[in-house]
Amino acid sequence: MKCNITCIPGDGIGPEIVAEAKKVLEKVAKVYGHELQFKDILMGGASIDVHGIPLTDEAIADCKAADAVLMGSIGGNTSTSPWYQLPPEKRPEAGLLKLRKALNLFANLRPAYLYEELAGACPLKEEISAAGFDMMIMRELTGGLYFGERKTVTEDGVRKAIDTLTYDENEIRRIAIKGFDIARKRRGKVTSVDKANVLDSSRLWRAVVNEVAKDYPDVELEHMLVDNCAMQLVKDPAQFDVILTENMFGDILSDEASMVTGSIGMLSSASLNDSKFGLYEPSHGSAPDIAGQDIANPIATILSASMMLRYSFDLDKEADAIDGAVKKVLQDGYRTIDIMSTGMKQVGCKEMGDLIVERIS
Ligand code: IPM
Ligand code: MG
């Protein structure tokens, strides 16, 4: 198979972790006889430094022309980086939001899974972590507060900021359908998370999710309020299979879910449109404090590359090979610093990439 992949190394640790994911993909291509073409483009701070804006039209066109996009991370230190002196629409994150919208990537999949080998890194009590957990957070990614009208005004000498949370039923329906489809391939349970006791947008969310559920009698549906969900994630994470939720709640809950796995450095993500096209990136940020030191954990990006093979190219066997190699490397006792524990062998970013590459054959 021939695949054209546009890569966005981005900022901070982004270029280091994307380099490792490319190495892994190249090994898979060699072993399984595929042809991969990579094209690197700039986004975020890296693009601001060259073009003065976080995402150019050419960069968007390069993403649209590809079969899939592999991304590292974007952004810098929000207190010290000059990128954050710019107006909001010219900052690094604006590039990512613009790209999500331009590519219509409305479905964000963030798996959170407790590796047996890393159970010790799970911050929860052993009696909770012993049950393990394996959930998929399905976050709506192109609507809600992130894309509603916003403004800051001064009225009678008082500064006032307004953000609007809007969803129409079509936006809710298409993400709900993806959520139920994915639940069907997993353990058959959807927990739809909202704030229907307060918000109109959540009441519509709940109504539309109930309508969609009628087409999936084999999938169990429950509704949960977002504050309760935040609590349940640390109290009993094993209860969740698919968590289906809107943009802002999903942003927050996915960070929380990742932390209970022990390290945000392990979590991949896929952002999909209604075709096979997707953007794949780690769930973590650009970690500017550790950039360039060869200590970042490349596993989340490598697992994102595996999701790309699975969801955009239907290459399940190849994706399994990557997931298996990651598991093996952990079983063999190799750890980057973020997941290090006594008795294990600490390795850097590049070595972790090499060790995973060696285990794909
Ligand atoms: C994420 C990030 C982004 C978001 C930021 C960088 C805009 O936190 O992908 O979760 O809030 O969506
Ligand atoms: Mg986030």
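Everything here concerns the structure above.
Residues numbered from 1 in each chain as written. Chains lettered and ligands numbered in written order. Predicted model: local features only at pLDDT ≥ 70, side-chain atom pairs only at ≥ 80, totals over all residues. Heavy atoms only, no water.

Observations concerning the nonpolar core
Convention followed: Nonpolar core, defined: a set of buried Ala, Val, Leu, Ile, Met, Phe, Trp, Tyr and Cys residues in which side-chain atoms within 4.5 Å join the residues together. Throughout, exposure labels follow a simple rule: accessible area from a 1.4 Å probe, protein chains only, divided by the maximum for the residue type, with under 20% read as buried, over 50% as exposed, and the rest as partly exposed.
I5, L25, L109, L330 and I356 are the most contacted members of the largest nonpolar core, which has 64 residues in total. L124, V193, C229 and V260 belong to the second largest nonpolar core, which has 19 residues in total.

Some words on helix α1 (residues 14-32)
Filter applied, for reference: Counting from the N terminus, the helices are DSSP H or I runs at least four residues long and the strands are E runs at least two residues long. Each residue after the first adds 1.5 Å to the expected span of a helix. In this description, contact between two residues means that some pair of their heavy atoms is separated by no more than 4.5 Å.
In a regular helix each residue adds 1.5 Å, so 19 residues correspond to 27 Å; α1 covers 27 Å between its end C-alpha atoms and thus fits that length. As for α1, its buried residues are in contact with β1 (2-10), β2 (35-40), β3 (68-73), α10 (299-311), α11 (316-331) and α12 (349-358). G33 sits one or two positions beyond α1 and adopts a positive phi of about 70°.

Description of the site of ligand 1
Stated precisely, the cut-off is as follows: Throughout this document, a residue counts as near a molecule or strand when at least one of its heavy atoms sits within 4 Å of that molecule or strand. Under the convention adopted here, Pro, Cys and the residues Ala, Val, Leu, Ile, Met, Phe, Trp and Tyr are nonpolar, Asp, Glu, Lys and Arg are charged, and Gly plus all remaining residues are polar.
Neighbouring ligand 1 are the residues E93, R100, R110, R139, Y146 and D251. Of the residues belonging to the shell around ligand 1, the class tally is one nonpolar, no polar and five charged.

Brief notes about the side chain of T261
Selection criterion: We define a polar contact as two N or O atoms separated by no more than 3.5 Å, with the added condition that, inside protein, one atom must be a possible hydrogen donor and the other a possible acceptor, whereas residues neighbouring each other in sequence contribute only through side-chain atom pairs.
Along the chain, T261 falls in the loop between α9 (247-260) and β11 (270-272). From its side chain, T261 meets the backbone oxygen of S263 in a polar contact 3.4 Å long. When sequence neighbours within four positions are dropped, the list of residues in contact with T261 reads A112, Y113, L114, L118, F133 and L267.

A look at the pattern of salt bridges
Keep this limit in mind: Salt bridges are defined as contacts in which a side-chain nitrogen from Lys or Arg sits within 4 Å of a carboxyl oxygen from Asp or Glu.
All told, the structure shown has 26 salt bridges when counted by the stated rule. The shortest N-O distance in the salt bridge between R184 and D218 comes to 2.8 Å. Here R184 is found in helix α6 (residues 169-185), whereas its partner D218 is found in the loop between α7 (200-213) and β9 (220-225), with 34 residues between them in sequence. Several salt bridges converge on common partners, so that one network encompasses D134, R186, R187 and D241.

Side note on the packing of α10 against α11
In plain terms, the rule: Axes here refer to lines fitted to C-alpha atoms; in helices the fit is confined to the stretch in contact. Angles between the N-to-C directions go from 0 to 180 degrees. Orientation labels follow simple angle bins: below 35 degrees gives roughly parallel, above 145 gives roughly antiparallel, 65 to 115 gives roughly perpendicular, and whatever is left gives oblique. Crossing chirality is assigned from the near helix's rotation relative to the far helix, an anticlockwise turn below a right angle marking it left-handed and a clockwise turn marking it right-handed.
In contact at an axis separation of 7 Å, α10 and α11 are set at 160° when each is read in the N-to-C sense. Classed by the angle they form, the pair α10 and α11 counts as roughly antiparallel. The hand of the α10/α11 crossing is left-handed. Contacts between α10 and α11 involve I299, I302, L303, S306, L309 and R310 on the former and, on the latter, D316, E318, A319, D320, I322, D323, V326 and L330. Its residues assigned to classes, the contact of α10 with α11 shows eight nonpolar, one polar and five charged.

A few points about the side chain of K178
Test applied: Charge counting treats Lys and Arg as positive and Asp and Glu as negative, with His and both chain ends excluded.
In this fold, K178 is placed in helix α6. Buried charge K178 goes without a salt bridge, the closest partner of opposite sign being D181 at 7.0 Å.

Focus: the packing of aromatic side chains
Put simply, the rule is: Centres within 6.5 Å are what make two rings of Phe, Tyr or Trp a pair, Trp counting through its six-membered ring; a difference in plane orientation under 30 degrees is then read as stacked, over 60 as edge-to-face, and the rest as tilted.
A full pass over the atoms with the stated rule returns three aromatic pairs. Taken together, a centroid distance of 5.7 Å and an interplanar angle of 70° make the contact between Y167 and W205 edge-to-face. Residue Y167 is located in the loop between β7 (158-163) and α6, and its partner W205 is located in helix α7; the two are separated by 38 residues in the primary sequence. As far as the burial class goes, Y167 and W205 line up, both buried.

Regarding the sheet that holds strand β4 (residues 107-113)
Our working definition: Think of it this way: DSSP has to see at least two bridges between two strands before they count as a pair.
With mixed pairing, the 10 strands of this open sheet are ordered in space as β2-β1-β3-β12-β11-β4-β5-β10-β8-β9. This sheet does not close on itself; its edge strands, each paired only once, are β2 and β9. The mean inter-strand angle of the sheet, taken between neighbouring strand axes irrespective of direction, is 25°. α9 rests against β4, β5 (134-140), β8 (189-194) and β10 (242-245) of the sheet, and its axis sits at about 155° to β5.

Some details on unusual backbone geometry
Despite not being glycine, N104 shows a phi value in the positive range, around 60°. Here N104 is to be found in the loop between α4 (92-102) and β4. Using a relative accessible area of 28% as the deciding quantity, one classes N104 as partly exposed. Of note in this structure, D314 is not a glycine but carries a positive phi near 55°. Position of D314 among the secondary structure elements: in the loop between α10 and α11.

Thoughts on the environment of S268
The topology assignment puts S268 in the loop between α9 and β11. The residues touching S268, leaving out its near neighbours within four places in the chain, are L109, R110, P111, E281, P282, S283, A300, L303, S304 and M307.

Concerning the environment of M43
Following the sequence through the fold, M43 ends up in the loop between β2 and α2 (45-51). Residues in contact with M43, not counting those within four places in the same chain, are I8, G10, D11, P54, L55, M71, I74, G95, L96 and L99.

Let's talk about the pairing of β2
Walk down a regular strand and you will see the side chains alternate between the two sheet faces. Cut-off, in case you're wondering: Seen with its strands pointing away from the viewer, a crossover is right-handed when the path leading from the first strand over the helix to the second is clockwise.
Relative to β2, β1 is paired through six bridges, and the arrangement is parallel. When the bridges of β2 are listed, T6 appears paired with K39. Taken together, β1, α1 and β2 form a β-α-β motif whose crossover is right-handed.

Some thoughts on the packing of α1 against α12
Between two packed helices, the angle of one axis relative to the other and the distance separating the axes together describe the packing. Here α1 crosses α12 at 15°, and the two axes come no closer than 9 Å. By the angle between their axes, α1 is roughly parallel relative to α12. In this structure, α1 crosses over α12, and the sense of that crossing is right-handed. Contacts from E16, I17, E20, K23, V24 and K27 in α1 reach C349, K350, G353, D354, I356, V357 and E358 in α12.

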